[in-house]
Amino acid sequence: MDVKIGVLALQGDVSEHIDAFFAALRLRGCGKASSIVEVRSPADLAGCTALAIPGGESTTISRLIDKNGLYEPIRTFKGGIFATCAGMVLMATDVADSRVHTLGLMDMTVDRNAFGRQRESFEADIPVTGLDGGSFHAIFIRAPVVTAAGPDVYVLATLDQGIVAAEKGRYMALAFHPELGGDLRLHERFLQNLGI
């Protein structure tokens, strides 16, 4: 199977997402013609099966999504969305920051920078519901947290502060950065959920 995955390339750790998805596609046995493309305009989304929204600064990414005419194309995108850190903020319906124009794709309230500033970034081994192979080593960098989620949002992992991993159908939102740690199980789960 040949798959095309887009990575929103407006800000954040774009190359790490590209590398992680290439590796995950290989593990899933996808064909040599599979590709990962950088998405900067609506035209770049054409033919994509999935889109990754990397971490970064959510207010900046939100502004650039609007500036590049990507807001409605992402909101109406029929493929899967894999959102990490700032991406989780953008997926929410409610964020207590008027500078963030959320996509509203997952019924959840998100607290930006829930764990504090950059120096409060941390790593933790967290259990993830339905993920074989033991705990997932998660890297949290100025991470958000979900403080409330609707009934159609499936909670995958929590910490004392709230929800740090969730799914809704073809969407996965993570407060941490799985693309940085070398463990591709969540990438594979996301692809498997899309039938890949």
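Starting from 1, residues in each chain are numbered consecutively following that chain's sequence as written. pLDDT decides what is reported in this predicted model: residues at 70 or higher carry local features, side-chain atom pairs at 80 or more are listed and counted, and totals for whole chains, interfaces and linings draw on all residues regardless. Where side-chain values are given, they derive from all heavy atoms of the structure, hydrogens and water being excluded.

## With respect to the overall build of the protein
Note the cut-off: Helix and strand definitions here come from DSSP, where helices need a minimum of 4 consecutive H or I residues and strands a minimum of 2 consecutive E residues; each element is numbered from the N-terminal end. Throughout, the radius of gyration refers to the C-alpha atoms, and the reference size of a globule is 2.2 Å times the residue count to the power 0.38. Relative accessibility under 20% of the residue-type maximum defines a buried residue, over 50% an exposed one, and the middle range a partly exposed one, all with a 1.4 Å probe and only protein chains included. A contact between two residues is defined here by any heavy atoms of the two lying within 4.5 Å. For every accessible area listed, the method is Shrake-Rupley and the probe measures 1.4 Å; residues are considered covered only by the protein chains on display.
Helix and strand counts for the protein come out as five helices and twelve strands. Taken over C-alpha atoms, the radius of gyration comes to 15 Å for the protein, in line with the 16 Å a tight globule of 196 residues would show. Residues counted as buried form 53% of the 196 residues belonging to the protein. Considering only intrachain contacts with a sequence separation of at least 6, the fraction spanning at least 24 residues in the protein is 70%. Carbon and sulfur atoms form 48% of the exposed surface of the protein, whose accessible area is close to 8400 Å².

## Quick word on unusual backbone geometry
With a phi angle near 55°, Cys85 is a residue other than glycine that sits in the positive phi range. With respect to the helices, strands and loops of the structure, Cys85 is situated in the loop between β4 (80-84) and α4 (86-91). Its identity as a non-glycine residue notwithstanding, Arg142 has a phi of 45°, on the positive side.

## Here we look at the packing of helix α1 (residues 14-27) against helix α5 (residues 185-193)
To keep it simple, the criterion reads: Axis lines are fitted through C-alpha atoms, for helices just across the contact stretch, and the angle between N-to-C directions can take any value from 0 to 180 degrees. By convention the crossing between two helices is left-handed if the near helix lies anticlockwise of the far one by an angle smaller than a right angle, and right-handed if it lies clockwise. Throughout, the ten residues Ala, Val, Leu, Ile, Met, Phe, Trp, Tyr, Cys and Pro are labelled nonpolar, Asp, Glu, Lys and Arg are labelled charged, and all others, Gly among them, are labelled polar.
Running from N to C, α1 and α5 cross one another at 65°; their axes reach a closest spacing of 9 Å. Relative to α5, α1 is oriented so that their crossing is right-handed. Across the interface between the two elements, Ala20, Phe21, Ala24, Leu25 and Leu27 from α1 touch His187, Glu188, Phe190 and Leu191 from α5. Tallied by class, residues from the contact of α1 with α5 come to seven nonpolar, one polar and one charged.

Honestly, it's all geometry; don't read function into it.
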